[in-house]
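A look at the structure
Spelled out, the chains give:
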Amino acid sequence: MTAYAQRPCSARPWRCGATVQASSPPVVAAVAPAAATLLAHTSVEAVADLADAELSLGRADTAAAHLTALLAEQPVHERAAALLMDALGAQGRQADALALYERVRETLADDLGTDPGTALRERHLSLLRAERPALTSSSNLPAPLTSFIGRDEDLARIHTLLAAGRLVTVLGPGGAGKTRLAVEAARRHEYRDGAWMIDLASVIEPAKVSAAVLAGIRGGARFEARMRVVGDELDVLVDQLVGRESLLLVDNCEHLIDAVAHLVATLLSRCPGLRVLATSREALAVDGEALVPLGPLALPGPNDDVEQARRVASVRLFTERAAAVRPGFDVDETTLPEVRRVVRGLDGMPLALELAAARLRTLSLPELADGLSDRFQLLTSGSRTALPRHRTLRAVIAWSWDLLSEHERTVAERVSILPGGVTLASAAAVCAEIPAAEIPELIAGLVDRSLLQLASDPGRYRMLETLREYGIDRLRETGDLDTVRDLAAGYFAELMARCDPQLRGPGQLAAIRVVSAEYDNALAALRWRCDTGDATGAVALALNLTWYWLMFARHPDAAYWLGEALAVPGGEPTPDRDCAQAIYLVNRVDARPGTTAEAAEIRELVDRLLAYPVLPVRVRALTVLPLAILQEEETALAILEALVDDVWLAGLAHMFRAQVAENAGELDKMRTAVDVALACFRQASDRWGQATRTAVTRPTAAVRRRPRRRAGRPARGPVAGRRVRLAQPQRRGLQRPPLDRPVPAARRRRPDDRDDRLGRERANSPEMLALVNAWEAVFRMRLGELDRARKLLDDAERGLHSGTRFPADHARTLVGNVRAVLCLETGDLADAEKAVEKAYAAALKTRDLPIMSQVAVTTAALAQAHGRHHEAAVLLGAAARLRGTHDRTNRYVHELTYRGRAALGEETFATAYDKGWELDGKTAVTEVDPARLRA
């Protein structure tokens, strides 16, 4: 830019205000002066662009007329003056051109105290030498044919880096949109002496790079005027560029990387006004180079709705290109699932998305989404005018693959089978024939060439799905695919075997990180062992993942993969296989056998496990699981408590005893067992075990902080008669929430759609979704939205129609209980009675007394609604017995107690309450049966 152009608007002699008034409506200048100034500047440049175009077409007289008018208003606009000098010279009016130069020079000196810029001075010298300049464009950047979508942050980064430095390289894999981004960045920035695009895709020999660049810039008048120098091409290039403020956009450098790097380094060192914007699949590695790594476009989230998805760049690109070939195409509720599959399946890579959109000329959207399993056969219909390597998806990737060395290709192809990413260790494992010492450098080379990307975990790299598919195809073609998968399966099986025991000791956190990072790769190895009929290997690998599944409650994963491993033919009964069968049954069925045959199968399994003279530690610990299914807790406890030789197993035994005591409402026993378990887990340095202790004791933590006073006795002291407000503990997410607690005014808002989705996103089974719906129904009731609460309960019941998995019966208990309270709220006692009876029947199946205590409280509320206050008091006492403590933290209990005292009197109520409290657990379960209210 000239010194004049860099000056602020207020310092220019032609005054921005006058220009605004002349070039834009007065109302715009008055209301939005900044916008008006921008419009004025744009209009001036448009006139100059028009004149430039007219000159290139040989219409010098028309261009001269436009430029003369422009200079009358803008007397020191140097670009307009230079173009007018060219036009006058083309008309043979050299004297007029020289006179124009003198007028502009004098005006610049008088008004700005500066000399004419380089472009004007060169034209002056050319006229003095009687040279006639060629009249061509000052830039050869291609005009866009389609809209530019996304990449706003990348554009801003390029702009910032070119302003601060002189060499920027846009890096990325093939099809990432490097060229389009670079052209857009160059178009959005003005360079005094032009911007020139040099496409090296068709250049094969490194020695011809300089000639290709020189040929690319020879089209401009300002360069052509100086093409008198004869000599070395590099010297000619320097002579053309020295003293200029220009940009070279050097495209497709990767196959000539060394030659381009040396040329760019030389030009930048000898041409101070030059800037270079390069595109490549690897860096030039030149001093001063700034990199702009280009990855996929942003992808829609798995739970994004239509409006959210429409704002995502990958969806916008695919939708716009699809609408160009199929008018009316848009993203809506119907098309969103397939659009999401397409853009995510293609990694959000722009070229792949455009090729996919083009296929909608002949395919439906579902057909396109389904066809991505063979994407290289599908995406073969690109633009006829595109370079051959951009017309098909395979050609794009093959271009990058062919530039690799033999060992680089081997590594790229072999790590492509790893869906969860690659580390140096896993790369060495699948590339057994390559020395391990060479792997780090080869991996670094693939990163440099944009075939691998750094992952968020240190030391881990990922390959885009499309690149992975190409690499797998190459392995299949060479016949190496099975061998490489065998190597990977062996490595990850051995890694999981090392990590499994560490999950139960001081190395737990490190082992969790490793298993979590390699989880997808481990599952791929397990799938391969299943597919190849390796029954023993599949069961062993599945068992080594078992404790990880249990720690993170991945019960669906455990059930599926253990089932797959056990289904492989040829497996003989072994301790490992029987243990895998036991864990599979626990994750597959509810907390009880579904049929007599199933119970017999479990009994046979238990007998085999107990008959083994020696069991591995893991197998010994998990032997109790089928016993729990058979409801033989005492036998299971006896087995666990015999394992005193292992401190971790002792901790597990006491934790199991604590859970049995909790289910029986024996809270004192539970606390004692939990404390011993905690000590054992601390000694074993098992953080998961210590955290589990907190989860088990949390349901009673609030109660333990309260005085142990019977609910039936009158309160003494200043708290008597107060309305207690304390959150009901959420025992495993199943405890009855505080149904009638008022919602604070500051929090009384209607949940938006995103809030409604939060719980459902976490629900990975119909049973868990029913729990989520029941909980939301509770809060809708608190907000007074009874109709909405009723609909949620209807949805929950439909989801539980035939479910048998845990926690189906717990969920039925909660849903029935909440519905009974809803009916009580609306005065529908008949339906309330039906609902609470269903809840009672479900609670019986859980064999969980604290869960049964919730039903007992609701039954007490039903008794009060019928005016049977004495029975209600007994039921409240029985509920406390089932719970294992007098819970004064539950506001619902407090309200029922308050009303019972008012109806019966303090002493009568307390006597009735004590009657229920003094029942044993088994009798209390019978006493709280809501059917007894009909007697």
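Reference entry: report on the structure contained in this document. (Residues numbered from 1 in each chain as written. Predicted model: local features only at pLDDT ≥ 70, side-chain atom pairs only at ≥ 80, totals over all residues. Heavy atoms only, no water.)

When helices and strands are counted, the protein chain shows 48 helices and 7 strands. Counting only residues that meet the buried cut, the protein chain has 51% of its 935 residues in that class. Looking at the protein chain alone, contacts between residues at least 24 apart form 71% of all its contacts between residues at least 6 apart. Here the protein chain has roughly 41,700 Å² of accessible surface; of this, 53% comes from carbon and sulfur atoms. (Helix = DSSP H or I, 4+ residues; strand = E, 2+ residues; numbered from the N terminus. Buried < 20%, exposed > 50% of the residue type's maximum accessible area, 1.4 Å probe, protein only. Contact = heavy atoms within 4.5 Å. Areas by Shrake-Rupley, 256 points an atom, 1.4 Å probe, with all protein chains shown as cover.)

Enumeration according to the criterion identifies 45 salt bridges in this entry. Arg414 is the partner of Glu433 in a salt bridge, and the nearest nitrogen-oxygen pair spans 3.1 Å. Remark: Arg414 occurs in helix α22 (residues 406-415) and Glu433 occurs in the loop between α23 (424-430) and α24 (439-448); sequence separation between them is 19 residues. Given a relative accessible area of 47%, Glu433 falls into the partly exposed group. We note a salt bridge from Asp534 to Arg529, for which the minimum N-O separation is 3.8 Å. Its relative accessible area of 18% is what places Arg529 among the buried residues. If you follow the salt bridges from partner to partner, you end up with Glu45, Asp49, Asp52 and Arg79 in one network. (Salt bridge = Lys/Arg side-chain N within 4 Å of Asp/Glu carboxyl O.)

Here we take up the environment of Lys791. Here Lys791 lies in helix α41 (residues 786-799). With 14 residues separating them along the chain, Lys791 and Ala777 place their C-alpha atoms 8.3 Å apart.

Of all the 6 residues making up strand β3 (residues 246-251), 6 are buried; the element is thus mostly covered by neighbouring parts of the structure. Strand direction decides the pairing type here: strand β2 (residues 195-199) and β3, joined by 5 bridges, are parallel. From the neighbouring strand, Ala195 faces β3, where its bridge partner is Leu247. As defined by bridge partners, β3 adjoins strand β4 (residues 274-280) across 5 bridges and the pair is classed as parallel. When the sheet's bridge partners are listed, Leu247 is paired in β4 with Arg275. As a crossover connection, the stretch from β3 through helix α14 (residues 257-270) into β4 is right-handed. (Pairing = 2+ DSSP bridges. Right-handed = clockwise from strand over helix to strand, strands pointing away.)

Glancing now at the packing of helix α21 (residues 393-402) against helix α25 (residues 465-478). For the pair α21 and α25, the least separation of the axes is 11 Å and the interaxial angle reads 75°. Classified by the angle their axes make, α21 and α25 are roughly perpendicular. Packed against α21, whose contacting residues are Leu393, Arg394, Ile397, Ala398 and Trp401, the element α25 presents Thr466, Leu467, Tyr470, Gly471, Asp473, Arg474 and Glu477 at the interface. Residue classes in the contact of α21 with α25 are distributed as 6 nonpolar, 2 polar and 4 charged. (Axes fitted to C-alpha atoms, helices over the stretch in contact; angles between N-to-C directions. Parallel < 35°, antiparallel > 145°, perpendicular 65-115°, else oblique. Nonpolar A, V, L, I, M, F, W, Y, C, P; charged D, E, K, R; others polar.)

A few words on the packing of aromatic side chains. Overall, the coordinates contain 10 aromatic pairs when judged by the stated rule. Judged by centre distance (5.6 Å) and plane angle (40°), the rings of Tyr519 and Tyr548 are tilted. Pair noted here: Tyr519 is in helix α28 (residues 519-531) and Tyr548 is in helix α29 (residues 535-551), with a separation of 29 residues, a long-range link. As far as burial versus exposure is concerned, Tyr519 and Tyr548 are alike and both buried. Their ring planes at 45° and their centres at 4.9 Å tell us that Tyr548 and Phe552 sit as a pair that is tilted. The class of Tyr548 is buried, set by a relative accessible area of 2%. The rings of Tyr519, Tyr548 and Phe552 are connected pair by pair, giving a single aromatic cluster. When the ring centre of Trp648 is taken as origin, the NZ or CZ atom of Arg504, which lies over that ring, is 5.5 Å away. Against the face of Tyr519 rests Arg554, its NZ or CZ located 4.5 Å from the ring centre. (Phe/Tyr/Trp six-rings, centres within 6.5 Å; stacked < 30°, edge-to-face > 60°. Lys NZ or Arg CZ within 6 Å of the ring centre and 35° of its normal.)

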